[in-house]
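Okay, here's what each chain looks like letter by letter:
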There are 2 protein chains.
Amino acid sequence: LVKRKVGADTMKDPRGFRTCAVNIGIKDETTDFSIVASDRPCTAAGVFTKSRFAGPSVELSRRHLADGRARAVVTVSKNANVANGDRGRKDAEEVVAMVAGLLSCGPDEVIIGSTGVIGRPYPMDRLRERVPGIALSAEAGFEAVAKAIMTTDTHHKLERAEVGDAVIVGIAKGVGMIEPDMATLLTYFFTDAEIGAADLDGIFRRVIDRTFNCVSVDTDTSTSDSAVILANGTAGEVDLDDFEKALTDIAERLTKQVARDGEGATKLIEVVVTHARDETQAKKVAKAVVNSPLVKTAVHGCDPNWGRVAMAIGKCSDETDIDQRRVEIEFGDVKVYPDAEPDLDRLSAVMAGDEVLITVRLATGSASARVWGCDLSDGYVRINADYTT
Amino acid sequence: LVKRKVGADTMKDPRGFRTCAVNIGIKDETTDFSIVASDRPCTAAGVFTKSRFAGPSVELSRRHLADGRARAVVTVSKNANVANGDRGRKDAEEVVAMVAGLLSCGPDEVIIGSTGVIGRPYPMDRLRERVPGIALSAEAGFEAVAKAIMTTDTHHKLERAEVGDAVIVGIAKGVGMIEPDMATLLTYFFTDAEIGAADLDGIFRRVIDRTFNCVSVDTDTSTSDSAVILANGTAGEVDLDDFEKALTDIAERLTKQVARDGEGATKLIEVVVTHARDETQAKKVAKAVVNSPLVKTAVHGCDPNWGRVAMAIGKCSDETDIDQRRVEIEFGDVKVYPDAEPDLDRLSAVMAGDEVLITVRLATGSASARVWGCDLSDGYVRINADYTT
């Protein structure tokens with residue numbers, strides 16, 4: 001019952017949502033302000049950054065989702081509205097109130113996301129002048145929204161899946177400051193399936209934990225991480241297992257897009273840790289490998305330097321049940337440690353690919369975990385050294 | 001009573017040590033094999049990596065230091081002899097035995113350090129052929145040893161201090177795979193002061209914790225981290241407080257040299273966290289800032305992007321007493337958060353320096369910590385992507 005997307009045009013959008021994506025002039029001439037609004041009330045769930053410098057968008061949205069209901073998501077891009085003190089909080093509330101006015105709903109039905117530079121206030125004059133006149137369209141505008149939430153992304157990220165009569169669409173942005181904690185970057189899902197708020201919350205947390213919480217571009221956790229889902233029920237009930245499977249599928253594809261589009265990235269790195277004591281150990285070791293700058297630069301240079309993978313596993317010094325004599329390491333399907341005399345041609349082919357799989361067998365148990373990341377290139381340094389505040 | 005080094009030639013070496021630094025052909029034509037040996041037995045102390053992939057050099061040295069006594073330190077550079085299984089263990093023991101034979105002392109009096117590529121065996125044939133014929137010299141050869149232990153270091157690192165009649169000399173190597181845990185990279189100290197093994201151990205652990213354990217180049221912890229001190233007593237007793245002060249001074253200067261010479265580094269970053277709940281919190285926040293790739297690239301680009309410092313503090317999400325409304329951030333002596341309208345000329349001058357100081361006032365207590373790191377440049381990526389195993 002779960003169909004994968006075959007092309008952007010072959011699958012419908014979820015029914016009962018209106019959208020807009022406009023330029024307000026937050027920073028430049030690109031679209032920077034978008035709304036997705038449901039015609040009827042939705043059940044909703046969200047997970048957010050645990051950063052101690054979380055912005056007012058995160059605080060406000062967390063509060064508005066506490067009752068498991070929402071109507072709309074508004075996103076301001078090119079400005080995170082973070083670390084702006086009381087002014088930032090008031091500005092976020094005013095933007096939400098303007099959108100609520102536009103949609104004739106309560107402010108507590110509006111979720112707000114904000115992404116971009118930290119420590120600079122919104123251009124409130126421009127927002128006050130433009131927002132009240134915005135018209136939402138019933139035409140499918142998810143692609144335009146996916147574009148409007150971008151910052152340094154090189155392309156927009158959008159995936160769809162069908163579950164019975166219902167459709168789920170997911171969008172995401174974010175290519176730097178990415179090591180999500182409870183959630184990640186900005187990612188939104190909209191569906192016309194009918195799902196109770198408690199079920200939706202449980203499914204959403206499980207899915208985000210297995211997908212977006214398993215990606216890291218640069219170990220830096222955003223102050224604005226927000227993942228939100230709205231279900232408006234227009235298409236009626238669906239099988240919950242099918243729904244979770246479809247949502248996992250979309251979220252995993254978006255996650256890999258985020259890793260592959262990581263700032264300066266030229267390769268996707270997938271690290272699979274098997275035979276671990278428990279999932280926590282597996283994920284910890286996998287993260288240590290995928291986040292190691294020396295592993296990342298080796299992958300960038302197509303160098304099968306498995307010694308750096310060993311080093312990264314070794315960093316997990318609290319995991320005292322890991323015995324270096326029992327660990328096994330593979331690049332792609334080529335065993336490199338221990339006692340390996342790998343076929344160098346096959347190994348070169350693996351390292352030359354644009355997706356590099358690193359598998360670690362820990363021999364401490366039977367749990368496993370899979371995480372995604374990207375290589376570290378001169379491009380990452382240039383993007384972030386030349387970025388001027 | 002503690003004199004700082006004013007120039008390499010103005011200060012004596014500690015008495016009663018002989019040295020050698022030769023080329024064995026471990027990898028290329030540079031000096032790659034060195035010994036420092038005391039004429040008489042020494043009290044000794046050491047701290048080592050906690051890596052689960054620690055090499056046999058670390059295992060062996062830890063065992064040999066258990067009784068607080070040693071005679072010599074041998075270092076093989078350009079090959080770490082890590083992850084080589086039983087063969088690696090046997091090879092390390094054989095090298096130690098050869099050096100013990102050369103010095104006519106017990107193998108358990110020899111400490112061994114090894115640094116370089118992981119997963120490649122020592123060229124034992126060449127070692128067996130060359131080591132037994134090596135002659136040690138009583139001439140001060142610490143500079144030659146400091147050079148022989150280098151790998152990708154751009155220059156050797158050596159510092160001296162006098163304490164009463166005694167002298168301490170310290171050397172260090174290491175510019176990548178550096179986020180020490182219990183110890184760091186390779187760093188050795190030799191002194192002719194007379195100090196009991198228990199006192200020496202206590203002093204050494206405190207000093208390393210405040211210096212080498214406060215540096216990070218790239219968050220990657222070496223499999224070979226070893227810090228060792230030998231005191232041969234030739235110069236007689238010294239005041240222990242003076243000794244600790246002098247040792248701290250040398251260790252801190254070596255630590256800053258390591259950070260400044262970090263792979264690809266163009267700037268030293270010093271992060272000071274004050275008014276923290278306790279030292280653990282202060283060091284955790286300071287490490288989060290100094291290790292953030294986005295902070296490191298901003299410093300590389302001379303960009304006073306304090307939003308990234310706020311983000312890095314925010315990553316310490318378990319530190320729930322940190323309140324973003326009470327935190328203060330300075331670059332150099334220029335306040336940038338909160339409510340700051342910094343003098344942009346002064347701020348530019350701070351960012352253009354080759355040492356950038358970032359101060360964070362947490363307002364959760366009265367503890368503080370100081371850590372060192374370096375910027376992240378294209379150079380780091382090139383060195384580590386082009387390094388071929």
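Below, the structure is looked at part by part. Quick caveat: nothing in here was measured; it's all calculated off a predicted structure.

The secondary structure content of chain A amounts to eleven helices and 14 strands. By the compact-globule yardstick of 21 Å for 389 residues, chain A fits well, its C-alpha radius of gyration being 22 Å. When the backbone C-alpha atoms are referred to their principal axes, chain A occupies close to 70 × 50 × 40 Å. By residue count, 62% of the 389 residues in chain A fall in the buried class. Put simply, of all contacts in chain A between residues at least 6 apart along the chain, 80% involve residues at least 24 apart. Accessible surface for chain A amounts to roughly 14000 Å². Of this, 46% is attributable to carbon and sulfur atoms. Of the side-chain charges in chain A, 48 are positive and 61 negative, and the distance between the mean point of each set is 2 Å.

Turning next to the packing of aromatic side chains. Taken as a whole, this structure holds 14 aromatic pairs over all chains when the rule is applied. Centroid distance Phe142(B) to Phe190(B): 5.6 Å. Interplanar angle 35°. Geometry classified as tilted. Remark: Phe190(B) occurs in strand S8 (residues 186–194) and Phe142(B) occurs in helix H4 (residues 142–148); sequence separation between them is 48 residues. Cluster of aromatic residues (ring-pair linked, three or more members): Phe17(A), Phe142(A), Tyr188(A) and Phe190(A).

What follows concerns the interface of chain A and chain B. Each side of the interface is counted separately: chain A has 56 residues, and chain B has 56 residues. When chain A packs against chain B, the two sides together hide about 4700 Å² of surface, and 57% of this comes from carbon and sulfur. The largest per-residue losses of area from chain A upon contact with chain B belong to Arg52(A), Phe53(A) and Gln324(A), which jointly make up 17% of the total buried on that side. Linking chain A to chain B there are 16 residue pairs in polar contact (both at pLDDT 80 or more). Within the residue set of the side of chain A that touches chain B, elements represented by two or more residues are helix H8 (293–300), helix H9 (306–314) and helix H11 (378–386) of chain A. Among the elements that take part in the side of chain A that touches chain B, H9(A) stands out by supplying seven residues, more than any other. Of the residues belonging to the side of chain A that touches chain B, the class tally is 22 nonpolar, 19 polar and 15 charged.

Attention shifts here to the packing of helix H7 (residues 279–291) of chain B against helix H9 (residues 306–314) of chain B. All names here are of chain B. Across the interface, H7 lies against H9 with an axial gap of 8 Å and an inter-helix angle of 135°. The angle between H7 and H9 falls in the class oblique. Classified by chirality, the crossing of H9 by H7 is right-handed. Touching Val285, Ala288 and Val289 of H7 are Val309, Ala312 and Ile313, all from H9. Residues that form the contact of H7 with H9 fall into these classes: six nonpolar, no polar and no charged.

Turning next to the nonpolar core. Counting 98 residues, the largest nonpolar core has Ile313(A), Ile358(A), Ile313(B) and Ile358(B) as its most contacted members. Not counting residues within four places of it along the chain, the set of residues in contact with Ile313(A) comprises Val285(A), Val289(A), Ile322(A), Val327(A), Ile329(A), Val360(A), Leu362(A) and Phe53(B).

This part takes up the pairing of strand S9 (residues 226–237) of chain B. Residue and element names in this part refer to chain B. The element S9 is extensively covered by neighbouring structure, given that ten of its twelve residues are classed as buried. As judged from the six bridges shared by strand S3 (residues 33–48) and S9, these two strands associate in the antiparallel manner. Paired with Phe48 across the two strands is Ser226, which belongs to S9. Pairing of S8 with S9, which is carried by eight bridges, proceeds in the parallel orientation.

So, on to the side chain of Asp192(A). Residues and elements named next belong to chain A. Assignment of secondary structure puts Asp192 in the loop between strand S8 (186–191) and helix H5 (197–210). Here Asp192 falls in the buried class, since its relative accessible area comes to 0%. Setting aside chain neighbours within four positions, we find Asp192 in contact with Asp13, Pro14, Arg15, Phe17, Ala166, Val167, Asn232, Gly233, Thr234, Ala235 and Gly236.

Here we take up the pattern of salt bridges. All names here are of chain B. Throughout the structure, instances matching the rule amount to 56 salt bridges over all chains. In this structure, Arg253 and Asp249 form a salt bridge, with 2.7 Å as the shortest nitrogen-oxygen distance. Taken as a pair, Arg253 and Asp249 lie in helix H6 (residues 240–260) at a separation of four residues, close to a single helical turn. By the burial criterion, Arg253 is buried, and Asp249 matches it. Residue Lys256 pairs with Glu270 through a salt bridge whose shortest N-O separation is 3.9 Å. With Lys256 in helix H6 and Glu270 in strand S10 (residues 268–276), this pair connects stretches of sequence that are 14 residues apart.

Next up on the list: helix H11 (residues 378–386) of chain B. Turning to H11(B), its buried residues number three or more, namely Asp378(B), Tyr380(B), Val381(B), Asn384(B) and Ala385(B). End-on, the buried residues of H11(B) take up no more than an arc of 155°, which puts them together on one face. Lining the buried residues of H11(B) we find H8, H9 and H11 of chain A together with helix H8 (293–300) of chain B. Where H11(B) starts, the residue carrying a side-chain oxygen 3.0 Å from the main-chain nitrogen of Gly379(B) turns out to be Ser377(B).

To continue, consider the packing of helix H1 (residues 56–64) of chain A against helix H2 (residues 85–103) of chain A. Residue and element names in this part refer to chain A. As a packed pair, H1 and H2 sit with axes 9 Å apart at the nearest point and diverge in direction by 50°. In terms of orientation, H1 lies oblique with respect to H2. Remark: the crossing between H1 and H2 carries right-handed chirality. In this structure, H1 contributes Pro56, Glu59, Leu60, Arg63 and His64 to the contact, and H2 contributes Gly88, Arg89, Ala92, Glu93 and Val96. Its residues assigned to classes, the contact of H1 with H2 shows four nonpolar, two polar and four charged.

Glancing now at empty space enclosed by the protein. One pass over the structure, following the stated rule, counts two cavities of 30 Å³ or more. What the second largest cavity holds in volume is close to 30 Å³. Lining the second largest cavity are Pro56(A), Val82(A), Ala83(A), Asn84(A), Gly85(A), Gly88(A), Arg89(A) and Gln324(B). Counting residues per element, the lining of the second largest cavity draws most heavily on H2(A), at three residues.

Bringing helix H10 (residues 344–352) of chain B into the picture now. All names here are of chain B. Buried within H10 we find Leu347, Val350 and Met351. Seen along its axis, H10 keeps its buried residues to an arc of 95°; they face one direction. Structural note: H10 exposes Asp345, Ala349 and Ala352 on the side pointing more than 90 degrees away from its buried face. Buried-residue contacts for H10 involve H8, strand S11 (328–331), strand S12 (334–337) and strand S13 (355–361). At the N-terminal boundary of H10, the capping side chain belongs to Asp343, with an oxygen 3.0 Å from the backbone nitrogen of Asp345.

Here is what the cut-offs are and how they apply
Residues numbered from 1 in each chain as written. Chains lettered and ligands numbered in written order. Predicted model: local features only at pLDDT ≥ 70, side-chain atom pairs only at ≥ 80, totals over all residues. Heavy atoms only, no water. Helix = DSSP H or I, 4+ residues; strand = E, 2+ residues; numbered from the N terminus. Rg over C-alpha atoms; globule rule 2.2 N^0.38 Å. Buried < 20%, exposed > 50% of the residue type's maximum accessible area, 1.4 Å probe, protein only. Contact = heavy atoms within 4.5 Å. Areas by Shrake-Rupley, 256 points an atom, 1.4 Å probe, with all protein chains shown as cover. Lys, Arg positive; Asp, Glu negative; His and termini not counted. Charge placed at Lys NZ, Arg CZ, Asp CG, Glu CD. Phe/Tyr/Trp six-rings, centres within 6.5 Å; stacked < 30°, edge-to-face > 60°. Buried area = accessible area lost by both parts, 1.4 Å probe. Polar contact = N/O pair within 3.5 Å; in protein donor to acceptor, adjacent residues only side chain to side chain. Nonpolar A, V, L, I, M, F, W, Y, C, P; charged D, E, K, R; others polar. Axes fitted to C-alpha atoms, helices over the stretch in contact; angles between N-to-C directions. Parallel < 35°, antiparallel > 145°, perpendicular 65-115°, else oblique. Left-handed = near helix turned anticlockwise from the far one by under 90°. Core = buried A, V, L, I, M, F, W, Y, C linked by side-chain atoms within 4.5 Å. Pairing = 2+ DSSP bridges. Salt bridge = Lys/Arg side-chain N within 4 Å of Asp/Glu carboxyl O. Arc of directions from axis to C-beta. 1 Å grid on protein atoms, 1.4 Å probe; cavity = no way out; pocket = protein on both sides within 12 Å on 5 of 7 lines; lining within 4 Å. Points joined across faces, edges and corners; volume = space filled by probe spheres on them.

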